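# Close look at the chain arrangement
One letter stands for each residue in the lines below.
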Amino acid sequence: MVKVIFQPKVAGVHNAAATCWFGGEVKQQRTIQLKALAKYPYLCVSVTGKKSKGVQPGKFQDVLCFGSVPVGTTVEKSVEIFNMSVVDAPCRIERARDPLLCDYVFSCDVSEGVVPAKGKLVLCIRFQPQIVGEHSTDYFTITSAGCHLETVLKVAGSCKGPSVSLHQYSVDFDWINLGKSSTQTLKMSNMSDVPAYYQFDIDCKGSVFSLDRPCGVLEGTTTLMLKVIFRPTHTMNYHRRVVCLVHHQEPMYVDFFGTCHSDTAKPTTLQERHLSWYRTNMVRGLTFYPPDILSVMLKDGKLQIDEKGALMLPPEISEDQPPKEYFEPNAMTEYFYDGVSSDLALFPAHVSVSPREYDFGWCEPPVKAEPLSLCVTNHTKGSIIVVWTPCHGSAFHVDPEICDIPPLKSSTFYVFCKPTQVNSLYAAELEGFAVYKVMRHYTNIENDATICPSWCLTVRLRAHTYEAECVHFLPQYILDVPKTFPPVVPDTDTYCSMLLSNTSTSLITFIVNQTACPSVLVKPSSGYIIPGGHQIFFLSTHPVNTVLQKHVLPLELNSYPAYTKEIVLQSCGQSLLLLLEGDGNLYFKPLQIGTSSTRMYTIKNCTRLPMVFTWKIHQSDSKILSVSPTAGILQPYEAMAQAWTFTPDKEIKYLMQAMVCVKWKSPDPVSPKDVHYVLRVTGEGALGKIRAQKEHLNLGNVLVGDQKSCSIVLLNDGICTLNYILSVEQLITGSRNREEVCSDPLALELEHSKGTIPARSKAFVQIKARPARRLHYTWSIKYAICTSRAADLASTKKKQQLLCCIVATGVYPTLRITDACITGIASSISKLHLWKLFSLDTLNEFLEQDPTPGELTYSVPTRHSTCLIPPVYTSLLLDFDFGSAPVGSEPTIVTLLLENKGVVPVDWAFLFPSDQKMDVEHWAEDADFTPQELHQMRIQDNQLFSVSPKSGTLLPRQEKSVQLSHRHDFIGTDRLPVLLKISHGHEILLTFISMTVERDQRYIHFASTKHVFSPTAVGDSHPPTQIYKLCNGGSMPVKFEVQLDNIGKIKEKNFQHPVFVCLTPKGEIPPGETGHIEWIFSPLEAKAYMVDVLIHILDGESTQITFQGVGYNPNIVGEAVTSSQILSSAAIPGSAKLTVPGQAATLSHHRICLGNIPDCTKAGRLVFLNNISKTKAVVFTWQISFYKEKVLEIAPESGVAQPGESIPCFITLQPTGNPSFCRINLVCEVHIQESLAQYERDLHEWEKEKEQQAVEFTITEKDLGSKKKPTSPLVRLSGSAGTENLPESSAVIRKYKTLPPIKSHPTPSQPPGHIERGLLLDKDTNQVRVKPEPPTPLLLHLDVSARSYAIEEFLSNFTLDFPRYFLCRPFSSQPSESKFVDGNRHGNRTDMEPKWLSLAAASKEELEVVTDILTGVISLLENGQFQKSVRKIQDEPIPYFSQFQSAKSAELQDSKEGSTILSRVSASTDLDFEKDGMRKKMSQETSPSDLQESCETFHHKQLRKKEIINRQPAVGNIVELVLENTLQNILIEASRGEVVLTAWPGVISLPPQPSRSANLRQLHSRVHEISPFCGWPRHRRRTLCYREHMDSHCDNSHYPQSVPAERSGISFEM
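Reading the values: the criteria
- Residues numbered from 1 in each chain as written.
- Predicted model: local features only at pLDDT ≥ 70, side-chain atom pairs only at ≥ 80, totals over all residues.
- Heavy atoms only, no water.
- Salt bridge = Lys/Arg side-chain N within 4 Å of Asp/Glu carboxyl O.
- Helix = DSSP H or I, 4+ residues; strand = E, 2+ residues; numbered from the N terminus.
- Buried < 20%, exposed > 50% of the residue type's maximum accessible area, 1.4 Å probe, protein only.
- Pairing = 2+ DSSP bridges.
- Axes fitted to C-alpha atoms, helices over the stretch in contact; angles between N-to-C directions.
- Core = buried A, V, L, I, M, F, W, Y, C linked by side-chain atoms within 4.5 Å.
- Arc of directions from axis to C-beta.
- pLDDT = per-residue confidence, 0-100.
- Contact = heavy atoms within 4.5 Å.
- Patch = residues over 30% accessible without salt bridge, like charges linked within 9 Å, V, L, I, M, F, W, Y side chains within 5 Å.
- Areas by Shrake-Rupley, 256 points an atom, 1.4 Å probe, with all protein chains shown as cover.
- Lys, Arg positive; Asp, Glu negative; His and termini not counted.
- Charge placed at Lys NZ, Arg CZ, Asp CG, Glu CD.

## Topic: the pattern of salt bridges
- Using the criterion set out here, one finds 40 salt bridges in the structure.
- Among the ionic pairs, Glu76 bridges to Arg126, the shortest N-O distance being 3.7 Å. With Glu76 in strand β5 (residues 75–83) and Arg126 in strand β9 (residues 120–127), this pair connects stretches of sequence that are 50 residues apart.
- Judged by relative accessible area, Glu76 falls into the partly exposed class, the value being 48%.
- Salt bridges here are not isolated pairs; linked through shared partners, they connect Asp201, Arg240, Glu429, Glu431 and Arg460.

## Some words on the sheet that holds strand β38 (residues 549–557)
- As summarised here, the arrangement of the four strands in space is β36-β34-β38-β39, forming an open sheet in which the pairing is antiparallel. Taken across any chain shown, the strands that pair with only one partner, and hence form the sheet edges, are β36 (526–529) and β39 (560–571). Each strand axis lies, on average, 25° off the axis of its neighbour in the sheet, ignoring direction.
- Inspection of the sheet shows strand β34 (residues 508–512) paired to β36 by four bridges, in the antiparallel sense. Bridging across to β36, Phe510 finds its partner in Gly527.

## Some remarks on the pairing of strand β8 (residues 112–115)
- Along β8, the buried face is formed by Gly113 and Val115; none of Glu112 and Val114, which line the opposite face, is buried.
- As defined by bridge partners, strand β6 (residues 89–95) adjoins β8 across four bridges and the pair is classed as antiparallel. Across the sheet, the residue bridging to Cys91 is Gly113, located in β8.

## Points about the sheet that holds strand β85 (residues 1338–1349)
- The five strands are arranged β78-β85-β84-β80-β82 in an open sheet whose pairing can be described as mixed. For this open sheet the edge positions go to β78 (1151–1158) and β82 (1198–1201), each flanked by a neighbour on one side alone. For this sheet the average axis-to-axis angle between neighbouring strands, irrespective of direction, equals 25°.
- Note: strand β84 (residues 1221–1232) against β85, 10 bridges, orientation antiparallel. Note on β85: the bridge partner recorded for Phe1221 is Arg1347.

## Quick word on the nonpolar core
- Counting residues in each nonpolar core, the largest one holds 71 residues, and the members touching the most others are Met188, Phe200, Phe360, Trp388 and Phe396.
- If you look at the next biggest cluster of nonpolar residues, it comprises 39 residues, including Ile822, Val894, Leu898 and Ile939.

## Here's the deal with helix α2 (residues 291–300)
- By the burial criterion, the buried members of α2 are Pro291, Leu294, Ser295, Met297 and Leu298. The arc that holds every buried residue of α2, seen down its axis, measures 165°, which confines them to one face. Exposed residues lying more than 90 degrees from the buried face of α2 are Lys299 and Asp300.
- One or two steps after α2, the chain reaches Gly301, where phi turns positive at roughly 85°.

## Here's the deal with the confidence of the model for the protein chain
- Summarising the model, the protein chain shows a mean pLDDT of 80, and 81% of its residues fall at 70 or more.
- Of the regions scoring below 50 in pLDDT, residues 1371–1397 engages in 42 contacts with residues more than four places distant in sequence or in other chains.

## Let's talk about a negative patch on the surface
- A contiguous patch of negative charge, built from Glu1352, Glu1405, Glu1406, Glu1408 and Asp1412, is present on the exposed surface.
- Top contributing element to the negative patch by residue count: helix α18 (residues 1404–1421), with four residues.
- With respect to the secondary-structure elements, Glu1405 resides in helix α18.

Shown next as structure tokens:
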């Protein structure tokens, strides 16, 4: 086995070839390819749990905060190191080493480890604080393999201790009698959650004051009530100041005082105010005098009493210095500076005792040991009494117990030790009190201010009875002592506490040999600990420098040197030391002038004490350079990252200096002054700008409600980093209401409006456009450089610069119904009626509107309802009326052509109620259904309505046909709500409605119960006829009758004026056809009229229809405007777009509008019938038999269209003289020629077979034996044909016919022909052929609309359009209909010419004008002077231009009558020949002069006759027909490709011919000046002129060659 070690140095793919050589004499080798992938590890430190609130952002990211931890306890927290790479990552965990730091409170057991790939490593860090109130900070460095990445983990925590306080700091026992005792309570509370070890430094067995629990543990947040007992032994006042020691807390003092009275001695009762006055007097040095002396001095005026009641020296003695006041000293200072354990004392002692501690050593019981001499010294100027408190049962006692000591004298007392047991330890504290003798009785005290309390004297004694060779009792204890003293500045005292707990059942004595370690003071230095108790020590040291000192304290236990515990402590003075990052240098990158750059700069406190830092910046640099925070506190060993801000104002380089001053947080009088550090800052100011990579960005079309994202690339070509603010200005165009869109929110969202671009780099800004309207959006993005003064958008508006422009167009998915057709049982319905039934105009209007928010509740088809009838979120409701049909008939199929008119794909769907319902469990469905739900369930279960396809996607400009069908399987009305859902667009609720009737039911289908007539002008003498259509939706003929009662009431209300006139109140409609009711609406005022009319159906139901009409004032609203609105209201497509399967032919137009036309004129259009089949010919037939009076002509009416052929059909409409709204539905039946021929053949065979069956019969052998004569009905039915084929004898016999046999008659329900088939003897009825059914034709509908006017009305309203029409004048007086408003048009008709017709229809005002004019003309004719002038004109010579008289007069006359120029220019060649013959005859009979005169006269007469003939209506009509046929021929030739109408015309020059007249030559010269006619282009006009006038002079080869023309509808008007 070979071991391969892979140790990469660089990340990447490593390949190596390893070759193994093996073999003896013949060496062989094998090579193996080694591949390995090396990656850099990436470690991420994650701190679990909550982050500390004190951690500020911008400092250290990974901070493990322990918070406040109780002293002496250990808290453990974990840190997770995640390996984000795919390789294992070895790492090292190191702590920052500090030579000054001896005791590490933070620890981690793991120094190195491996983090698995995509895994984590958990580090446990412990925190064990030792010094209460100290903040600890440390740093761990996590280094990955190869030292590629280092992560610094900051750990921080603080130490908390107990917080014990006394509720009162004095206990007053007042006075009691000797031999009695008094008990008071003392409360102490621990406000912290850390348990507190407390101890009152008093021996309760040998003191007049005792506590029930002098030592113990006070749990956190608890209160302890102690009992204090006062048992005086002598009549005097007692006062003892007892210290309460608390581990890890400063000591507390409490004053116990009381007074003992007897029957003979009653000293002054000591009170708390006396203690206060005493301490003030002590500070002022007056307590060394007894009260009697002070009273005398007070009387003598040598002393005074201050405002608080204490004594004071007079101002003249104190030299005007203010009297001293007593201030409560520091507890530690008071505790150690007692003059005993320390050479220093806060106040001089009044009475002292020596020694304070004594060890009797070994004593032999029960022998008294050598007594101890106690020396008590009186330092006062008065006599005192010293009284020792007896301790009954103790091995120690004092003799004497009471003794008087004169002023400034000493007295000796003897202490005796008499142990009682061997091998035992003895320890006790003696208590004594000294008091002025004058205080023995209250009568000696003249002023309470002179009262002085007693002084307490204590002596600690020890002894043991162990023999020299005996081993002392082994102590069992727990010692809690810190390793170091709390840090302080040099030459300052530092204190700490130590706890010694006795865990044994025996007494423990202790003594600290302070001579072995004089640098540390320990108090108490000796004493004893009862079993289960504890002793609290306080230690003090005074470091003089910053050198680390080691202190060793020997603690001897149980008076046995072998039981000595050495306590090792360290102390060190702290000096100010601050570490600056980068050796005190800070560099800034080049920066834009006026902007700010912030860098983080770290400073570190390298001491164990918190320090205060303050930055000072030169005043000249204060506007350019700033730091935050400028001042603060640095905890021990804490590193703080500060934010330095550089704001240049000039384009120069800056060199600046800043100074930081540091000092200790807790200033001490002996602490050193501030220390200063200098920071050097370097920076540069520059100018820069931003530009966009693309200044114009077009997002194109964006779906409204959707968003479109893109990125803007910002470029910074300068040397400085730029901070920018982007703003957007929005401009919405295309809206009619600008105020509405101005309040729209901004539709462009920036990923970030603020940012930073480094020098010579680029940045990407992601934008999202969300247009809210279907309008054009333009966004101008501007930028401004952020400065320290302009950091927000409002302050930078004046400095904004254009960055780029973004445009977008909000669009909705746009869908439109562009075509519709109907097949099946309702194929006879016109396309216009279909659009009304399905409200397709309204649907398209809805689709063009913007969706409402409710429609966008669900942007895509969603199953959102739990009900069978889903909720409706749209207000757009429409009905899709499929009409009506008999039950069992073929389905009604409507095909709609959907087209995406927009620029985005459209997802559409027809959602039935079941398509919107969520699938739920059967148990969750409601079993109780409403009738409406049951109705819809029946329709959906039987699939009565169907849509195919129900959904789809349309790309822009794409079309798709959708088939809607209804099956007539059940009688009744079927209604089904279907939701047309366009994704991200409209939601339109379509109600599918269809009616199914019984076969024998007479039924008319009303699409609506309201009909609105077209607006009619008020005062119109010729109101138009309007049509109301009725559709027979059943299989039976329907007779209807209009009830005219309400119409009569309307007439009565309008002064007998017929507002509504029904011209056809009765009628009959065949099955499946449409009937018409003609109406005349003649308003009397400019207002709306309405009438409810009942239409009664014979043997059917009656229906009430509301007819409405609006009259308008023609002087305000022009007739042309109203007419154009009416004629342009139809929105159905003009050309065919939709074809159904099997459709073989189409029409080039589905609708033609002839516009406004006058009566007695013709208007026409050209429509092509296109055979779209490539293999089959079709036969077409126009159904025009329904249109009476020949108002409409179609040429050709029928014909055959070969495959791919287009047949031009000319539609000509000639109004009948009755003004009306013409709307005609032309139907063209189209058959496949092959199918029609097959049908005719089958029909011919069937008829032939039927004839054969009529004459043939079969005689069987059974009939031969019969002697009966044949009396078959067949013979009788054959008639004479059968007689001719019989013999003569038989014919004679057949002369007398017998009666037919008696047979049952067929039932009426049997089909036709059943009787004949039943009469055939011995004929198998199954072999009789059924009559063939004709093939179902394809029905093509063409809607023709026009508005006809009387000539006078047309001239007044459409004067400019009148020359476009040819007025068909009758040859003689022809019957013409007169129009009356009362509707008696068909009954009252008079034969009159058009001029009399117009005169009869004239108004009263018009007749008055005509009368006045004719009166003037008649009077002028009777004037003699006028007659002479007329005769004189006749004698004048013929002018030069008279040769043009015929042509000019013809042009003028024809232009007035609406005819064309060409019909008046042409002359008959027969008249020319006749004139030539007469000229020859006259030249032979007369002289030349007479002949010339006669010729001129004859020529003049002939011209006169010719002009008269040309003015005849017959000539004009003939010319009009010739021109019409010419135009039709040209159009047919163009459609066949024989003529190119768009080709550039050529000019033909002809040589002069003498045989032609001057008129013809002039016509040749003015061929290019012929005025336009009929609106034709110039090249077409030339072609017509040449063809009509120069066919005999021009060869056909001169015409341009033709190419196939486009098959489209061409209009022509006559």
